[in-house]
Each structure stands twice: as structure tokens, then as C-alpha cells.
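So you can see what is in the structure, the chains are spelled out below.
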Amino acid sequence: MALVGGAVRDALLGHTPLDLDVVVPGGQVEALARASGRPFVFHPAFGNATLTLPDGRTADLVQARREHYPVPGGNPVPAPGTLDDDLRRRDFSVNALALQVSPSGEVTLRDTTGGLNDLEARVLRPLHGRSFEDDPSRLVRAARVGARLELRAHPELLAQVPAALALAPQTPRLWAELKLLLQEPRPGQAAAQLADWGAGGLLPDPALLLALDRLRDEGQIIPDTAYAAALLHAAPDPAALARLLTLGERPGALLARALSDTFFPPGTPERTLRALLRPDAYAGLTGKDVLALGVPPGRAVGAALAHLAALRRAGHLRSPDEERAALKAFVATEGRQD
Ligand SMILES: Nc1ccn([C@@H]2O[C@H](COP(=O)(O)OP(=O)(O)OP(=O)(O)O)[C@@H](O)[C@H]2O)c(=O)n1
Ligand SMILES: [Mg+2]
């Protein structure tokens, strides 16, 4: 039995792995899942089991297998294999490391593809020269994990970029990976990575995504949908891109709200996107502007701002001048009532 893939890579880099992948010799998955004493779901069609760990994470127990790709970009055909077969079928050497646990409980690192060296050199190296032809989605996986963990592309990866691009249109898995790219901590970095590798044509210009990355780095909450909306804004045919990446309706709707004149409070994704997409759009007056008109600090300021907010919601205010005029009118009437 061996812990494999991203969990080993992340642990070696000092990160806490999220989900665990465990390779088990053929035919032993269900017995092992039962022996764990944890709740699990067994999938008989694949011979795999998903275990729930005490902290809520999951562990996938899968049978060791070989794989081959009869059609480039198509689904791999599995056959039972050894742990080494299972490591050889993977995408990058840093993802092909295994922590092997012997029946007596002894743990050893199995590195048959030079993954540890590559991890130390912080490079992503495919395991063979036809890796991206087998599975073009690996190009996007490389950009995702490369941006997340600050790993560079090995020259052997760069040499395979054209093969992945040639097969991209007929590889739905690649589009699924592009959608996952939008869920990375820094999607802009991942998209820029693709562009640096000569694969910028897979996505619209990443400038807006990079701007959102910077805001996230500064601590702003930027939801994934804001990234998807920004991507649609940069796309020549947003509807086609939304279909290709199966983005659903929400990013397009968010984009429309961001581009509208409806008021949204600071900190909302609408307001954040608007500041990027329409830097000329005005932000609305604040308490400071109200005080500058001579309104005494306190309740009166709140009342004036609430009045402005109601006018904005009703669509009556479209510029700082209109806001100021409305504010002056409000202050004047309030003054008369006192
Ligand atoms: N097209 C793919 C997809 C997955 N894998 C292998 O399956 C493992 C698990 O896949 P996944 O969970 O998608 O990736 P992780 O490496 O775990 O990275 P992440 O942190 O993004 O989950 C990878 O490490 C890799 O060894 C692969 O070789 N080729
Ligand atoms: Mg994973």
C-alpha cells in the first residue's frame, strides 16, 4: 500500500495535503477499507473506495494499474499493474512519488522517476515524450500546479506544448482543467503561465485575472465567480467560452451587474469588478463628503447616506455631480425641518 500523487508532493514541500490518494495491490481495496474502521463507499465498477477520515478529508483507495491511451486525448484504458506501473502512468515526476507502507508498518519513499530531484529543483517534468499527446489536459494541470507551488516548466514540458495545443479542441478534459484553473488560489498566475509557455490562445488575455490575483494577495475576498466573470469580459465570444468551460449562468450575470449602473456596496464582487472594468465609474459619496457639507457628525450623516443609497437603488443617481446635488437638496430640506 502506498500514498501517492499530490499528497506526497505537498507533504514534501511542507504543505498539508488536502485529499489523499492511496494505491493498493489489486483485489485488496474493499478489505483494506473495511479494516480501516472508517466509513467508506466502495465503487464496484472501478474497484475503488472512498474513505472519510476523522477530520473530514477523504482518502481514495485505488487498485494499482497500468494505463494506455488508444486515442490521443481520449480516455485511458486501465489494466491491473504493480505500484511502479501505477507511478509510470502519471503526469509529472513530482506527482509520481510514493510513500510505501510495508505490512510491518515501515515507510519508505519510492522515487522511480526522479521526482525528488525535480521537486528540489522546482521543475515540472513529464514522464515521457508523448505525455501531452496521450493527455493534453496535462498542459493545463501543469499551469495550475506550477502557479500554485511555484514550479517551473522543464524544457521537456515546453517541447510538448504544441502537441497538447493541436489536440486541445477534441479534449473535453482539457476544458474541465481550465475550469479548475479558475478555482486555484492565483488563477491569473496560472493563466499567465500558459501564455508564457506559448499556450495563451487557450484563454483570453490574463491581465484582468492577474489584477484580481493582486487584490486577493492584498487580502480582499475575491470569489471564483469573479474570476470567471473577468474571463468572460476579456473573451471575444463570452457565450461560447461559458459553454466550453461549463461556467453556468452566474459569472455572466455577475458581469452584467458589474457593468450596470446599479449601486453595490464596497467589497462586493460587483463593485470590485466594476473598478477594474470601468475605472471611470464613480464610487458614490461617503460620510466624508457629507461632513464636508457641514452636516454635524452623528445620526444626521447616517440619514443623509441612507437617503443617497435609496436614490441609487431606485436608479436616480448616475454621477458624483448628481450625488452631490441630491445630497445638498437633502441637507437643505433637513435644515429647514430643524
Ligand atoms: N491527467 C492526470 C490526472 C491525474 N494524474 C495523477 O493523479 C494524481 C491525482 O490527481 P489530482 O488529484 O487531480 O492532482 P493532485 O496531484 O492531487 O493535485 P491537486 O493538489 O490539484 O489535487 C496526480 O498527482 C497525478 O499523479 C495524472 O497523472 N494525469
Ligand atoms: Mg488531488
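Keep in mind it's a predicted model, so treat the numbers as computed, not measured.

For the rest of this paragraph, the subject is the pattern of salt bridges. Under the counting rule described, the total for this entry stands at 23 salt bridges. Arg 148 is the partner of Glu 184 in a salt bridge, and the nearest nitrogen-oxygen pair spans 2.7 Å. Within this pair, whereas Glu 184 is found in the loop between α9 (172-181) and α10 (187-196), its partner Arg 148 is found in helix α6 (residues 137-149), the two being separated by 36 residues in sequence. Among the residues examined, Glu 184 registers a relative accessible area of 5% and is labelled buried. With its nearest N and O atoms 3.2 Å apart, the salt bridge here joins Asp 224 to Arg 216. Since its relative accessible area comes to 34%, Asp 224 is described here as partly exposed. Using a relative accessible area of 21% as the deciding quantity, one classes Arg 216 as partly exposed.

Glancing now at the domain arrangement of the protein. On domain assignment, one finds that the protein holds domain 1 (1-121), domain 2 (122-202), domain 3 (204-281) and domain 4 (287-337). On a C-alpha basis, the centroid separation for the pair domain 3 and domain 4 is 30 Å.

Before going further, it helps to examine the site of ligand 1. Lining the immediate environment of ligand 1, one finds Gly 5, Gly 6, Arg 9, Asp 21, Arg 90, Asp 91, Asn 95, Asp 135, Arg 138, Arg 141, Arg 144 and Arg 148. Asn 95 is positioned such that a nitrogen or oxygen atom in its backbone is 3.1 Å from an oxygen atom of ligand 1. Contact between ligand 1 and Arg 148: an oxygen atom at 2.9 Å from a side-chain N or O atom of the residue. Relative to its free-state accessible area of 560 Å², ligand 1 is covered by the protein chains to the extent of 71%. Elements supplying a minimum of two residues to the shell around ligand 1: α1 (6-12) and α6.

Conventions and cut-offs
Residues numbered from 1 in each chain as written. Chains lettered and ligands numbered in written order. Predicted model: local features only at pLDDT ≥ 70, side-chain atom pairs only at ≥ 80, totals over all residues. Heavy atoms only, no water. Salt bridge = Lys/Arg side-chain N within 4 Å of Asp/Glu carboxyl O. Helix = DSSP H or I, 4+ residues; strand = E, 2+ residues; numbered from the N terminus. Buried < 20%, exposed > 50% of the residue type's maximum accessible area, 1.4 Å probe, protein only. Domains from an automatic or database assignment. Near = heavy atom within 4 Å. Polar contact = N/O pair within 3.5 Å; in protein donor to acceptor, adjacent residues only side chain to side chain. Areas by Shrake-Rupley, 256 points an atom, 1.4 Å probe, with all protein chains shown as cover.

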